[in-house]
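Secondary and tertiary structure notes
Here's the letter readout for the chains.
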Amino acid sequence: MGSGEPNPAGKKKKYLKAALYVGDLDPDVTEDMLYKKFRPAGPLRFTRICRDPVTRSPLGYGYVNFRFPADAEWALNTMNFDLINGKPFRLMWSQPDDRLRKSGVGNIFIKNLDKSIDNRALFYLFSAFGNILSCKVVCDDNGSKGYAYVHFDSLAAANRAIWHMNGVRLNNRQVYVGRFKFPEERAAEVRTRDRATFTNVFVKNIGDDIDDEKLKELFCEYGPTESVKVIRDASGKSKGFGFVRYETHEAAQKAVLDLHGKSIDGKVLYVGRAQKKIERLAELRRRFERLRLKEKSRPPGVPIYIKNLDETINDEKLKEEFSSFGSISRAKVMMEVGQGKGFGVVCFSSFEEATKAVDEMNGRVVGSKPLHVTLGQARRRC
């Protein structure tokens, strides 16, 4: 709970313009420490350190709510990047309506920054072009990672910063300053560009006996290769995937069209353009969002998990094998490149039905393999 007066629920909107966000806080900073730091700037209503809802660990940021907007503005202009607990903090106006932030309007991206440029230096470099809502040099344990973000309150200010600062040398390094692009937008640009020029091919679901030479032998008929690599773990065992880089885009494209979905030693190959990291991250975000929406739409139930499924078992056969134990809301065999991965899930409407299915089906041979069946945790949606 924050120090000072609590924030009355009915008066919340009245004080939004007097609230400051305080970022980059040391984990040991408390509400009392914030209160003592900012009280000289003017009367406070409350201070708050934001914490993880489960572990209650501090998240490294908080809020200071002043009685009067003028005091908050004075603190923002004079106390930004001051030290608390030996670490400089970052101030900006609290933005309870995050539509502006999510829109990306007024947000710019800066890269190739010298490591000596910190948040304070960045702020004063770019404040000449307009009112800054937030600025952040991205850091890790070793310091600056060489890129940053500045969010202005208007598109005009952002455009001025880009016009004047892009290509400028700062501490002997020529910086790039451009419009901020969301990961999905950047991934789409990379995808569009690479589809017409790619030479690097990703291949997965290859057998354990496939080494670099065998993989090269399989792919070299489509054109000269620059490199062929099967990826292995620390013990030297194949991870089941690899990369083939061709000299030309035409050879790479031909290999993808001809080999994708082809069965080699009983395994169906996945062959496609090797994606950039930003594309993979964007795809993971899309997949997570699809799963989240799918999870919301699922009916309630109690899941059981089945391993060691025969390759011939599909969703329909799985449901058929377990339907005698009760009402099934879902039966799903996990697939990859059109082939079962050997495990699946069945959701029953009650705990009793799920328990009975586990008791009677665990160890039973279905197809050519004995099943391994375990009870999952009951959930609102299955």
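Keep in mind that what you see is a predicted model, and the values were worked out from it rather than measured.

Overview of the overall build of the protein chain
- Helices and strands together make up the secondary structure of the protein chain, namely 11 helices and 24 strands.
- The 382 residues of the protein chain split such that 39% are buried.
- Within the protein chain, contacts between residues at least 6 apart in sequence are counted, and of these 64% link residues at least 24 apart.
- Approximately 22,100 Å² of the protein chain is accessible, and the part contributed by carbon and sulfur atoms is 52%.

Details of empty space enclosed by the protein
- Scanning the entire structure with this criterion turns up one cavity of 30 Å³ or more.
- For the largest cavity, the calculated volume is near 50 Å³.
- Every residue along the wall of the largest cavity is listed here: N80, R90, L91, M92, F123, I132, L133, S134 and C135.
- Elements with a contribution of two residues or more to the lining of the largest cavity: β6 (90-93) and β8 (132-140).

Topic: the pairing of strand β2 (residues 44-51)
- The buried count for β2 comes to six of eight residues, which makes it a mostly enclosed element.
- Here β2 folds back onto strand β3 (residues 58-66), and the loop between the two strands holds six residues, one of which, R56, carries a positive phi near 65°.

A short note on the pattern of salt bridges
- This model, assessed by the stated rule, comprises five salt bridges.
- In this structure, R90 and D24 form a salt bridge, with 3.1 Å as the shortest nitrogen-oxygen distance. Taken together, the residues span a long stretch of sequence, with R90 in strand β6 and D24 in the loop between β1 (19-23) and α1 (31-38) at a distance of 66 residues.
- Judged by its relative accessible area of 10%, R90 is buried.
- A salt bridge links K136 to D24, with the nearest nitrogen and oxygen atoms 2.6 Å apart. Highlighted residues: K136 in strand β8 and D24 in the loop between β1 and α1, separated in sequence by 112 residues.

Details of the environment of N172
- Among the secondary structure elements, N172 is positioned in the loop between β10 (169-170) and β11 (173-174).
- Using a relative accessible area of 66% as the deciding quantity, one classes N172 as exposed.
- Between the alpha carbons of N172 and L113 there is a distance of 9.6 Å; along the sequence they are 59 residues apart.

Considerations on unusual backbone geometry
- At D265, a position not held by glycine, the phi torsion is positive, near 55°.
- Mapping D265 onto the fold places it in the loop between β16 (263-264) and β17 (267-268).
- Unusually for a residue other than glycine, N308 sits at a positive phi of about 65°.
- Along the polypeptide, N308 turns up in the loop between β19 (302-307) and α10 (315-322).
- Taking the relative accessible area as the measure of exposure, N308 reaches 33% and is therefore partly exposed.

Side note on the pairing of β19
- Bridge count between β19 and strand β21 (residues 339-348): six bridges; the pairing is antiparallel. Counted as the bridge partner of Y305 is V345 from β21.
- Sheet topology places β19 next to strand β24 (residues 372-375); four bridges connect them, and they run antiparallel. Looking across to β24, one finds that Y305 is bridged to T374.

Points about the nonpolar core
- Core analysis: the largest hydrophobic core is formed by 22 residues, its most contacted members being I108, I110, L113, L122, F126, V150 and F152.
- Of all the secondary-structure elements, those providing two or more residues to this core are β7 (107-111), α4 (119-126), β8, β9 (143-152) and α5 (155-165).
- A per-element tally of this core places α5 first, with four residues.
- Counting 20 residues, the second largest nonpolar core, distinct from the first, contains I313, L318, V333 and A354.

Examining α4
- Of the residues making up α4, those classed as buried are N119, L122, F123 and F126. In an axial view of α4, the angular spread of the buried residues amounts to 100°, which keeps them on one side of the axis.
- Against β6, β7, β8, β9, α5 and β12 (176-179) lie the buried residues of α4.
- Sitting at the head of α4, D118 places a side-chain oxygen 3.3 Å from the backbone nitrogen of R120.

With respect to the sheet that holds β2
- Strand order in this open sheet of four strands is β2-β3-β1-β6, and the pairing throughout is antiparallel. Pairing within the sheet leaves two strands with one partner each, and these edge strands are β2 and β6. The average angle at which neighbouring strand axes cross in this sheet is 20°, direction not considered.
- Summarising the sheet, β1 and β3 pair through four bridges and their orientation is antiparallel.

Quick look at the sheet that holds β19
- Across the sheet, which stays open at both edges, the four strands sit in the order β20-β21-β19-β24 with antiparallel pairing between neighbours. Here the strands that pair on one side only, and so sit at the sheet edges, are β20 (328-336) and β24. Across the sheet, the axes of successive neighbouring strands diverge by a mean angle of 20°, strand direction being ignored.
- Across the sheet, helix α11 (residues 351-361) touches β19, β21 and β24, and the angle it forms with β24 is around 155°.

So, how was this worked out
- Residues numbered from 1 in each chain as written.
- Predicted model: local features only at pLDDT ≥ 70, side-chain atom pairs only at ≥ 80, totals over all residues.
- Heavy atoms only, no water.
- Helix = DSSP H or I, 4+ residues; strand = E, 2+ residues; numbered from the N terminus.
- Buried < 20%, exposed > 50% of the residue type's maximum accessible area, 1.4 Å probe, protein only.
- Contact = heavy atoms within 4.5 Å.
- Areas by Shrake-Rupley, 256 points an atom, 1.4 Å probe, with all protein chains shown as cover.
- 1 Å grid on protein atoms, 1.4 Å probe; cavity = no way out; pocket = protein on both sides within 12 Å on 5 of 7 lines; lining within 4 Å.
- Points joined across faces, edges and corners; volume = space filled by probe spheres on them.
- Pairing = 2+ DSSP bridges.
- Salt bridge = Lys/Arg side-chain N within 4 Å of Asp/Glu carboxyl O.
- Core = buried A, V, L, I, M, F, W, Y, C linked by side-chain atoms within 4.5 Å.
- Arc of directions from axis to C-beta.
- Polar contact = N/O pair within 3.5 Å; in protein donor to acceptor, adjacent residues only side chain to side chain.
- Axes fitted to C-alpha atoms, helices over the stretch in contact; angles between N-to-C directions.

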